[in-house]
Amino acid sequence: MILELVQTVALMLALSLLHGFTMRCLPTRPRLARVASGVVFGTVCAVGMMVPITLAPGVIVDGRSVLLSMAGLFGGPVAGLVAGAIAGAYRLWLGGDGMVVGTTVIALAVALGLAYRAAWGRSPRARAPIALFAFGVVVHALSMVLIAQIPAQSMTKVYEALGLPYLLIMGTATMLLGLLLQDLEKRQQNERILRERTARLRAIAGAVPDILFVLDEDGCCLEVMTHDQRLLYREPASVLGRRLQDILPEPVGALLMSAIRQAIDSGTPATTEYALDTPKGHRFFEGRIQAIDGETSPRTVVLIVQDVTDRIALEEERRIAAIAFESQQGMMITDARTRILRVNKTFSAVTGYASEDVIGQPARVLSSGRHGDAFYREMWQQLQAHDLWEGELWNRRRNGEVYPERLSISTVRDHKGVVTHYVGCFTDITQSKASEEEIHALAYYDHLTGLANRRLLTDRLQQALGHGSRDGWRGALMFIDLDDFKDINDLHGHQAGDALLTQAAARLRGTVRETDTVARFGGDEFVILVEQLPADELAAAATAQRLADKLLERLSTPYAIEGQDRHCTASIGIAMFQGHRQTVDELMQGADLSMYEAKRQGKNRIRFFDPLMQQTVAERLRLETDLRDALSGDQFELHYQAQCDAEGRIDGVEALARWRHPTRGLVPPGLFIAAAERCGTMPVLGRKLLEMACAQLGRWAGDARLSALRLSVNVSAAQLYAPDFVAETCALLERTGCPADRLVFELTESMLISDMRGAIQTMEALRALGIRFSIDDFGTGYSSLAYLHQLPLDELKIDRSFVCDLPDNPNSLAIVKTIVALARTLGLRVIAEGVEAPRQMETLLHNGCTSFQGYMFHRPLAIDAFEALPGIGGDTATCAPPMASATPSASAAQ
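An account of the accompanying structure is given in this report.

About the cut-offs
- Residues numbered from 1 in each chain as written.
- Predicted model: local features only at pLDDT ≥ 70, side-chain atom pairs only at ≥ 80, totals over all residues.
- Heavy atoms only, no water.
- Axes fitted to C-alpha atoms, helices over the stretch in contact; angles between N-to-C directions.
- Helix = DSSP H or I, 4+ residues; strand = E, 2+ residues; numbered from the N terminus.
- Parallel < 35°, antiparallel > 145°, perpendicular 65-115°, else oblique.
- Left-handed = near helix turned anticlockwise from the far one by under 90°.
- Contact = heavy atoms within 4.5 Å.
- Nonpolar A, V, L, I, M, F, W, Y, C, P; charged D, E, K, R; others polar.
- Buried < 20%, exposed > 50% of the residue type's maximum accessible area, 1.4 Å probe, protein only.
- Pairing = 2+ DSSP bridges.
- 1 Å grid on protein atoms, 1.4 Å probe; cavity = no way out; pocket = protein on both sides within 12 Å on 5 of 7 lines; lining within 4 Å.
- Points joined across faces, edges and corners; volume = space filled by probe spheres on them.
- Polar contact = N/O pair within 3.5 Å; in protein donor to acceptor, adjacent residues only side chain to side chain.
- Patch = residues over 30% accessible without salt bridge, like charges linked within 9 Å, V, L, I, M, F, W, Y side chains within 5 Å.
- Areas by Shrake-Rupley, 256 points an atom, 1.4 Å probe, with all protein chains shown as cover.
- Salt bridge = Lys/Arg side-chain N within 4 Å of Asp/Glu carboxyl O.
- Expected span 1.5 Å × (residues − 1).
- Bend = angle between axes of the 7 residues up to and from the residue.
- Phe/Tyr/Trp six-rings, centres within 6.5 Å; stacked < 30°, edge-to-face > 60°.
- Lys NZ or Arg CZ within 6 Å of the ring centre and 35° of its normal.

## Brief notes about the packing of helix α5 (residues 99–119) against helix α6 (residues 129–147)
Working step 1: Running from N to C, α5 and α6 point in directions that differ by 155°, and their axes come no closer than 10 Å. Classified by the angle between their axes, α5 and α6 sit roughly antiparallel to one another. By crossing handedness, the relation of α5 to α6 is classed as right-handed. Contacts from V101, T104, V105, L108, L112, G113 and Y116 in α5 reach A131, L132, F135, V139, L142, S143, L146 and I147 in α6.
Working step 2: For the contact of α5 with α6, the class distribution of residues is 12 nonpolar, three polar and no charged.

## With respect to the pairing of strand β14 (residues 517–522)
Working step 1: Taking burial as the measure, the six residues of β14 include five buried ones, the bulk of the element.
Working step 2: Two strands pair when backbone bridges link them, and β14 and strand β15 (residues 525–533) are joined in this way by five bridges, in the antiparallel orientation. Within β15, the position partnered with T517 by the bridge is L529.
Working step 3: Hairpin geometry of β14 and β15 is characterised by an intervening segment of two residues between the two adjacent antiparallel strands and by a positive phi of about 60° at G523.

## Examining unusual backbone geometry
Working step 1: At the junction of E250 and P251, the peptide bond is cis and its omega measures out at 5° in the coordinates.
Working step 2: Its location among the elements puts P251 in the loop between α10 (244–247) and α11 (252–266).
Working step 3: Cis geometry marks the peptide bond from L806 to P807; its omega dihedral reads 0°.
Working step 4: By the element assignment, P807 lies in the loop between α30 (800–803) and α31 (810–826).

## Quick notes on empty space enclosed by the protein
Working step 1: The tally for this structure, following the rule as stated, stands at three cavities of 30 Å³ or more.
Working step 2: In this structure, the largest cavity encloses a volume near 160 Å³.

## Points about the environment of D471
Working step 1: With respect to the helices and strands, D471 occurs in helix α17 (residues 454–471).
Working step 2: On the basis of relative accessibility, which here comes to 48%, the residue D471 falls in the partly exposed class.
Working step 3: Within the local environment of D471, its side chain forms a polar contact with the side chain of R470, the two groups lying 3.3 Å apart.

## What about a nonpolar patch on the surface?
Working step 1: Among the surface-exposed residues, L32, V35, V39 and V78 lie close enough to one another that they form a single nonpolar patch of about 260 Å² accessible area.
Working step 2: The biggest single contributor to the nonpolar patch is helix α3 (residues 30–50), with three residues.
Working step 3: Within the secondary structure, V39 sits in helix α3.
Working step 4: Look at V39 and you get partly exposed, because its relative accessible area is 36%.

## As for the sheet that holds strand β11 (residues 402–413)
In a beta sheet, neighbouring strands are held together by backbone hydrogen bonds and run either parallel or antiparallel to one another.
Working step 1: Strands sit in the order β9-β8-β12-β11-β10 across an open sheet of five strands; the sheet is antiparallel. Each having just a single partner strand, β9 (340–343) and β10 (388–396) make up the two edges of the open sheet. For this sheet, the mean angle separating the axes of adjacent strands, direction not counted, is 25°.
Working step 2: Relative to strand β12 (residues 419–428), β11 is paired through nine bridges, and the arrangement is antiparallel. Following the sheet pairing, S410 is matched in β12 by V423.

## Describing α31
Working step 1: The first and last C-alpha atoms of α31 sit 24 Å apart over 17 residues, in line with the 24 Å expected at 1.5 Å per residue.
Working step 2: Residues of α31 that are buried: S812, L813, V816, I819, V820, L822 and A823.
Working step 3: The opening residue of α31, the one whose side-chain oxygen lies 2.9 Å from the backbone nitrogen of N811, is N809.
Working step 4: Positive backbone phi, at 75°, marks G827, one or two positions downstream of α31.

## Things to note about helix α4 (residues 64–94)
Working step 1: The terminal C-alpha atoms of α4 lie 14 Å apart, and with 31 residues this falls more than 12% below the ideal 45 Å at 1.5 Å per residue.
Working step 2: Its axis deflected by about 150° at G76, α4 carries its strongest bend there, up to four residues before the proline P77.
Working step 3: Directly beyond the C-terminal end of α4, a positive phi value near 70° is found at G95.

## Quick notes on the pattern of salt bridges
Working step 1: Overall, the coordinates contain 30 salt bridges when judged by the stated rule.
Working step 2: Between D246 and R243 there is a salt bridge, and its shortest N-O distance comes to 3.4 Å.
Working step 3: Put simply, D808 and R839 hold a salt bridge, and the shortest N to O gap is 3.1 Å. Note that D808 is positioned in the loop between α30 and α31 and R839 in helix α32 (residues 838–846), a separation of 31 residues in sequence.

## Quick notes on the environment of P404
Working step 1: Looking at where P404 falls in the secondary structure, it is placed in strand β11.
Working step 2: Between the alpha carbons of P404 and L393 there is a distance of 5.8 Å; along the sequence they are 11 residues apart.
Working step 3: Once residues lying within four places of it in the same chain are set aside, the contact partners of P404 are L393, W394, T427, D428, I429, T430 and K433.

## So, the pairing of strand β26 (residues 795–798)
Two faces belong to every sheet, and in a regular strand the side chains alternate between them.
Working step 1: Side chains of β26 alternate between two faces, with E795 and K797 and L796 and I798 buried alike.
Working step 2: Where strand β25 (residues 772–778) and β26 come together, three bridges link them in parallel fashion. Paired with I775 across the strands is L796, a residue of β26.

## A word on the packing of aromatic side chains
Working step 1: This structure, assessed with the given rule, holds 17 aromatic pairs.
Working step 2: Centre to centre, the rings of F745 and F773 are 6.1 Å apart; their planes meet at 75°, and the pair counts as edge-to-face. Of the two residues, F745 sits in strand β24 (residues 743–748) while F773 sits in strand β25, which places them 28 residues apart along the sequence. With respect to class, F745 is no different from F773; both count as buried.
Working step 3: Ring pairing ties together the aromatic residues F375, Y376 and W389, which thus form one cluster.
Working step 4: Cation over ring: R397 sits above Y403, and NZ or CZ is 4.1 Å from the ring centre.
Working step 5: Sitting above the plane of the Y855 ring, R859 keeps its charged end 4.2 Å from the centroid.

Here it is in structure tokens:
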């Protein structure tokens, strides 16, 4: 019987292992698992009852109490009841005398198991081996008591049949089965906890925006988790089971492998940064690697990769912002109440405030007080409407100095649109303002005298015409020219001239009203704009006359220059105006013309503009326009006037310009030369005439009769001082074949004095080519032995003004004698121009002058007429008697 009992217990223990298998197969369906567990326990009970210990017919003993009590203890009510139902049903099916008692034993075992579970099943002590053994003994002792209740059985018989071995074996079986089920329960609990932890980790990994890799020490990818597969270099399926070196491009793979070895060797986390081109674009990553503790080989590591692209971009923006904040512009950040939170170094350098002095202070600490409430109200209105204000304002430095700045204010709002900060960026524009004022002064004021210049006066005159038209008052425009200022400037130097101009400007300013405008147009020309004169024409003119008289009186007072008194008068031209009856240009032309009329009538005078002057101005403008047209055509020609010796032989000739106008006819040189100088076309005209003369002299060089002639050509100051005059002349000589040693350039004294050194350099360069030089109209300028000695001259020409009075004027005769003696001393040829009478020639010849030019000998002739003259090349020509009677006015037409 004992052996059978042991076999039964062993069978029950083996079959009970199905419980663990069932619970593991249904981990996610606990109710179904408990039902299945009950089925297993009930089935095992039924199997156990198939190999029972038979005490008597119909009375059997088996291990059902062990299984059913454990089913109630570990499986709970559902498993216990299902197992008890299956075991009870099977016992009832078996029948016999012990059917009722057997069924009761089944119910008692389930009830005791459930009671033990409810009372002590959750206590660790209740699950101790000894407790489980005692519980088994109690269950089976009670079973023995119930078995003793079967008819024909008694306790004595039951005990004799089963005895102590039964209690010990069943108690041990209960203990072993309980420990086995307890172990299974713990395993299931651990597995459940592990599943829960794994689920939590996966949930966390899925919620965290990082990428998680599980790798072995060789870089082989065991697992990968990510919330965004676009951040992976490749799809997860193609990554698992492959090494990082084989997946990632270099040097990223080598970089991560180095970090993995570092983490394993050091036992501490290793970090690294790298960049990859992913399906989401070029991204920056930060990897953190931690080795997993364990003794398995190969070692395992966890790589957590964070996408730090936005962080790096933000850091870069912050670096840029920090650099920009410490820029050359002052910057200030305030809160929404305009309290200063931060300033940069430039702010401190510009304002003088250290950061600790202004942080926490309202921005109005910088206010200069120059702007009113309306200015700031408009500023805030624009800020509220556009979140930006830009403009110029005045602020105050710490030392109290007020300075201008260019300020830009930007509004910073949060995601709700609420203003959080203001950012101010400003530049100190003190220097630029000073430069603007300087530029304004240069643009609108004369730098020497500080008076208005032509541009500013023109603007004010335009405004005055409009105001006069609206208000009905009259005005006057006065042109003032200092008489003989050029003489003082040339004789005493530019410093003396500048001092005189400065004193004259001060006198003009001190004489007129503050509302009047005094301007300098350059040189020694001043202009005064007088406004708000009486509406009556005569009263206005009288007021202008009185003012002009005062100006003449003030300007004629001696000037203290370099310790000496210098005298200089002025000529004034006045043009009256009212409204827009005249244009600005017409008024200026009128005043200018009347000023020149005052000079023509003797200087130190006042002249008002009249219509006849206007007609003259219009004629002059038409002449200048025609002159420009003539330069582009063939209207200019050269006439030639012979230069003779006492016997009438022609040894030289002067080329004189003539303008054959298509409608005016032959225009006198006195008209078009002055017009060319006024309108700035003199350089072009001079080059054109010089080229014509050189071409003619080149043609004469091939004619034996004319090849010995010298040809004199007048050269203007604009030509002489042109930087490329020498080079142009050299090219012209080569182009025309003109013999340089037969070419004479006639210069005036006044044009040499303006830049003596430059004139000498140019003349010496031309002299090296063979060109000769003559001083025209000698004696009318500032004749100086010093400059005559320095200049490379060949000839002096006595001016016609001295020749015309010979021999009756002793002064003229004395000047002629002096010039001839001076020329002889310097070894220069001397020639007299404007000789019209034999008495003049005889006087000149008697005093040593042997070369003559004038109507007594020949008039200026066209080229054909000149070349036909006798006396050229050695022939003797007689003086025509009619020429001797020519009038001075006709002679002046040369």
